[in-house]
Amino acid sequence: MTYRAPSEAKNAAAWPMSFGAPRVPLGAATAMRSRYSSPRARRPSQTTSPGRTASTATPCGASSIAVVRMCPSCTASGAPWCDHPGQPVNGPVIDDVRTTRRRPCLLARLLGEPRVEDPGPLLQEHGGDAEPDASRAPGDESRSAVERPSHDAHVPVATGPLPAAVSDAVAGATAGKETGRVTEVIGRLVQTAGRGRVSRTPHRRGRCTGAGRFARNLGGVRYLSTRDPQGEATLSFCDILIGGLAPDGGLYLPESYPQVDADTLARWRRLLEEEGYAALAHAILSLYVDDIPDADLRGICERAYTAEKFGTKEIVPVARLDGSLFLGHLSNGPTAAFKDMAMQLLGELFEYELRRRDSSLAILGATSGDTGSAAIFAMKGRPNIHVFMLSPAGRMTPFQQAQMFSVDDPHVVNMAVDGVFDDCQDIVKKVSSDLDFKELHRLGAVNSINWARLLAQVVYYVACWLRATDGLEDADAREVSFVVPTGNFGNVCAGHVARQMGVPIDTLVVATNENDVLDEFFRTGVYRVRTSTETHETSSPSMDISKASNLERFVFDLLHRDGARTAELFAGLSTGEGFDLSGDPVFGDVRDRFGFASGTSTHADRVSTIAAVEKKYGVLVDPHTADALKVAFDVLDGGDVDTPLVVLETALPVKFASTIVEAVGREPEIPDAYAYLRDADRHVMDIGNDADLVKKVIVDTLTQ
């Protein structure tokens, strides 16, 4: 294992655009490492083991990993946390969600208590001894008990009897003087669970008992693993935000998709027009996120999606190419690729939640070209986040390498793996499946296995649909189809989620390159995993993937959310096995129920499409977008869809200069923002295709 500056990437000679030979190798590991203080070592007083009460007055669930039980007296009184050391712990589990001093447990929120910086007023009200808040300025009484909003200000008043089962469960959980109040509040919650005209399928009850968990399952959004045979949804959005991959190896999905109707879509249309993309993102995320205060979530979206970052107030412009053919421009962000659409939001979400937990995070990711740069540029400069990014050695374009490896930040570690992207992705999954290692080093994920990233991508499907139907008669009911270039199935999986929500999407066309494992599956029902030697190195390298991780989410839905069968099908992929659904009746649902179709293209197709699109429309596109456009032309020629067709752009042409030169005879223009990459030093290490070596780099970096 050596540190190096990759001046002799094996494909560099084939590309006419060179971004300069890197001049300064790393030299030593210390150039890329900084000391990582373990949160456990720094904050032992905040950790409470399961089955124990805190020794001081701390909020319920102060530890990010502990299940905190309330003592009987605090349980009976309905206190939001327990401050009675030495009491026997035999009460019900009130809350096992990850919380901090800044976030009272759900029972407190149900009782109407606000989210406060200083828990003192609440402790005093519930009989605890409050410590003064050192951060509060003298004389600042802005969070005093007198000025706290009333309980009724937090929960809309609704009339009607509370179901007997709910009332009995709450009474049994609280068994004290607050029973009537909790019953009243949860009754209102049950009757006002939807937001506006959005409805949800009722949630099943989770494993835990108690008023807090019971109320969450009634009124909140819970998440489950695609491989859970019980199908029990017990986790909130922030519970799954950091980790990415479920402990059983599955991927997270909401227990059900919120359903939107024409009124909601009309409201979103006005919102996008009057308040912009960030406001639309907030409205959509609010349907899936119930454990971040509304004002905070709005602020996160507004910081993520700015004209300064994306070069336009529209964030996602949609251009009509011809008749019913549109191009959704997703590549205006900091790294000139569509991955910025999700990564900028993910960076804000991570920083918010880590600050709330007073914690830190080590991100482990894999990239085939664009994810790495987008993740690094979204996370760099955030002091509580480290980024470890794996990429296939020599398989990215010179621009992609220069952009990703140019970042000189002690919290960013680039590793060039001797293999293909699937090898990098397998390493990420293997390391993440070591739960002890993952917990000890606080590993998180930014690949599209992370639900938050996928959710962020749902927003641009809605925005593109709104803009493609603008001005049409009965616009809020008009269907649109999408053609999506994809390798790992994350981009198009977000479209699947949008369609399942009720957004009027007719067809989702999967566009692949020569690595056509997805096209083969959607045509035949056979999912045949390719080996590294069978994975082609193409001119659309971000799609050079033969194990599409996010396909698991779709297959889970296709199998009527059968977690046991999903686990059986996908467990063998790591050993090169595939599966065959061609003889299963559910395969007919792929097109009829879920609206999927597919197509593929070759290098010759990409080159000719780039040339033809520029000549006819005056638009220069990158090779991945050319894959999608070629498939779109096939779809239009075949009459397979009769709706407007939106092709989603992948990246700007500057990232793939060699193919552009081959297609149009000249190099693409280099935007001023990227001119520095020509002479930028590069910071990267060579590493073998070995998960243990990657673990060693992580440990060395975080502990030195």
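Computed from a prediction, not measured in an experiment: that's the story for all the values here.

*Asks:* Just checking my understanding: could you explain the nonpolar core for this structure?
*Replies:* Nonpolar side chains in soluble globular proteins tend to be buried together. Membership of the largest hydrophobic core comes to 124 residues, with the highest contact counts inside it found for Phe237, Trp268, Tyr305, Tyr461 and Phe489. A per-element tally of this core places helix H18 (residues 451-469) first, with 15 residues. When sequence neighbours within four positions are dropped, the list of residues in contact with Phe237 reads Tyr223, Tyr288, Val289, Asp291, Ile292, Leu349, Trp451, Ala452 and Leu455. In terms of nonpolar packing, the next biggest core, distinct from the first, is built from 23 residues, Phe421, Phe437, Leu443 and Ile545 among them.

*Asks:* Help me understand the sheet that holds strand E17 (residues 645-648), please; the structure alone is not making it clear to me.
*Replies:* Strand pairing in a sheet relies on backbone hydrogen bonds, with the paired strands running either antiparallel or parallel. Strand order in this open sheet of six strands is E6-E7-E17-E12-E13-E16, and the pairing throughout is mixed. For this open sheet the edge positions go to strand E6 (318-322) and strand E16 (596-600), each flanked by a neighbour on one side alone. Sheet twist, expressed as the average angle between the axes of neighbouring strands with direction ignored, equals 25 degrees. By the bridge criterion, three bridges tie strand E12 (residues 480-485) to E17 in an arrangement that is parallel. Bridging from a neighbouring strand, Ser481 pairs with Leu645 of E17. Of the strands in this sheet, strand E13 (505-512) and E16 are in contact with helix H20 (residues 517-524), which crosses E16 at around 135 degrees.

*Asks:* Explanation requested: the packing of aromatic side chains in the structure shown.
*Replies:* Here the distance between the centres and the angle between the planes together describe a pair of aromatic rings. For the coordinates displayed, the defined rule picks out 21 aromatic pairs. Ring centres of Phe399 and Tyr674 lie 5.6 Å apart, and the angle between their planes is 75 degrees; on these two criteria the pair is classed as edge-to-face. Here Phe399, found in helix H15 (residues 398-405), pairs with Tyr674, found in the loop between helix H26 (657-664) and strand E18 (684-687); they are 275 residues apart in sequence, far enough to count as distant. Over the aromatic face of Trp465 sits the side chain of Arg269, whose NZ or CZ is 5.2 Å from the ring centroid.

*Asks:* What's the story with the pattern of salt bridges in this structure? I'm lost.
*Replies:* Here the idea is simple: oppositely charged side chains can pair when their charged atoms come close. Under the definition given, this model contains 29 salt bridges. Lys695 is the salt-bridge partner of Asp434, the closest N and O atoms lying 2.6 Å from each other. Here Asp434, found in the loop between helix H16 (421-433) and helix H17 (435-440), pairs with Lys695, found in helix H27 (residues 691-703); they are 261 residues apart in sequence, far enough to count as distant. Taking the relative accessible area as the measure of exposure, Lys695 reaches 18% and is therefore buried. Two residues, Asp519 and Arg523, come together in a salt bridge whose shortest N-O distance is 2.9 Å. Note that Asp519 and Arg523 are positioned in helix H20 at a spacing of four residues, about one turn of the helix.

*Asks:* How should the confidence of the model for the protein chain be read in this particular structure?
*Replies:* Reading fine detail from the predicted coordinates is not recommended where pLDDT is low. Of all residues in the protein chain, 69% attain a pLDDT of 70 or more, and the chain-wide mean is 76. Every residue in residues 1-70 scores below 50 in pLDDT, and together they form 176 contacts with partners more than four places removed in sequence or on other chains. Taken as a whole, residues 79-218 scores under 50 in pLDDT and shows 269 contacts with residues more than four places along the chain or in a different chain.

*Asks:* What should I look at first to understand the packing of helix H24 (residues 603-617) against H26 in this one?
*Replies:* How two helices sit against one another is set out by the angle between their axes and by the gap between those axes. Relative to each other, H24 and H26 sit at 65 degrees, their axes nearing to 8 Å. Relative to H26, the element H24 lies roughly perpendicular. Where H24 crosses over H26, the two elements pack in a sense that is right-handed. Facing His603, Val607, Ile610, Ala611 and Glu614 of H24, the residues of H26 in contact are Thr659, Ile660, Glu662, Ala663 and Val664. Within the contact of H24 with H26, the residues separate by chemical class into six nonpolar, two polar and two charged.

*Asks:* Explanation requested: H16 in the structure shown.
*Replies:* Turn by turn, an α-helix covers 3.6 residues, leaving residues three or four places apart pointing in a common direction. Along its 13 residues, H16 runs 18 Å from first to last C-alpha, staying within 8% of the 18 Å computed at 1.5 Å per residue. Those residues of H16 that sit buried are Phe421, Asp422, Asp423, Cys424, Gln425, Ile427, Val428, Val431 and Ser432. Close packing links the buried residues of H16 with strand E8 (361-366), strand E9 (385-392), strand E10 (412-417), H17, strand E11 (443-444) and H27.

*Asks:* What is the right way to look at H15 in this model?
*Replies:* A large share of H15 lies buried, amounting to eight of its eight residues. Of all the positions in H15, only Pro398, Phe399, Gln400, Gln401, Ala402, Gln403, Met404 and Phe405 are classed as buried. Buried-residue contacts for H15 involve helix H14 (371-379), E9, E10 and E18.

*Asks:* Is there a simple way to think about the packing of H14 against H15 in this case?
*Replies:* Where H14 meets H15, the axes come as close as 9 Å, and the angle between the chain directions of the two elements is 25 degrees. Our classification of the angle between H14 and H15 gives roughly parallel. Two packed elements cross with a definite hand, and for H14 against H15 that hand is left-handed. On H15, the residues touching Gly372, Ser373, Ile376 and Phe377 of H14 are Gln400, Gln403 and Met404. Of the residues that constitute the contact of H14 with H15, the class distribution is three nonpolar, four polar and no charged.

*Asks:* Any chance you could explain the side chain of His411 here in plain terms?
*Replies:* For His411, the position within the fold is in the loop between H15 and E10. The exposure class of His411 is buried, given its relative accessible area of 17%. A distance of 3.0 Å separates a polar atom in the side chain of His411 from the backbone oxygen of Ile385.

Rules and cut-offs
Residues numbered from 1 in each chain as written. Predicted model: local features only at pLDDT ≥ 70, side-chain atom pairs only at ≥ 80, totals over all residues. Heavy atoms only, no water. Core = buried A, V, L, I, M, F, W, Y, C linked by side-chain atoms within 4.5 Å. Buried < 20%, exposed > 50% of the residue type's maximum accessible area, 1.4 Å probe, protein only. Helix = DSSP H or I, 4+ residues; strand = E, 2+ residues; numbered from the N terminus. Contact = heavy atoms within 4.5 Å. Pairing = 2+ DSSP bridges. Axes fitted to C-alpha atoms, helices over the stretch in contact; angles between N-to-C directions. Phe/Tyr/Trp six-rings, centres within 6.5 Å; stacked < 30°, edge-to-face > 60°. Lys NZ or Arg CZ within 6 Å of the ring centre and 35° of its normal. Salt bridge = Lys/Arg side-chain N within 4 Å of Asp/Glu carboxyl O. pLDDT = per-residue confidence, 0-100. Parallel < 35°, antiparallel > 145°, perpendicular 65-115°, else oblique. Left-handed = near helix turned anticlockwise from the far one by under 90°. Nonpolar A, V, L, I, M, F, W, Y, C, P; charged D, E, K, R; others polar. Expected span 1.5 Å × (residues − 1). Polar contact = N/O pair within 3.5 Å; in protein donor to acceptor, adjacent residues only side chain to side chain.

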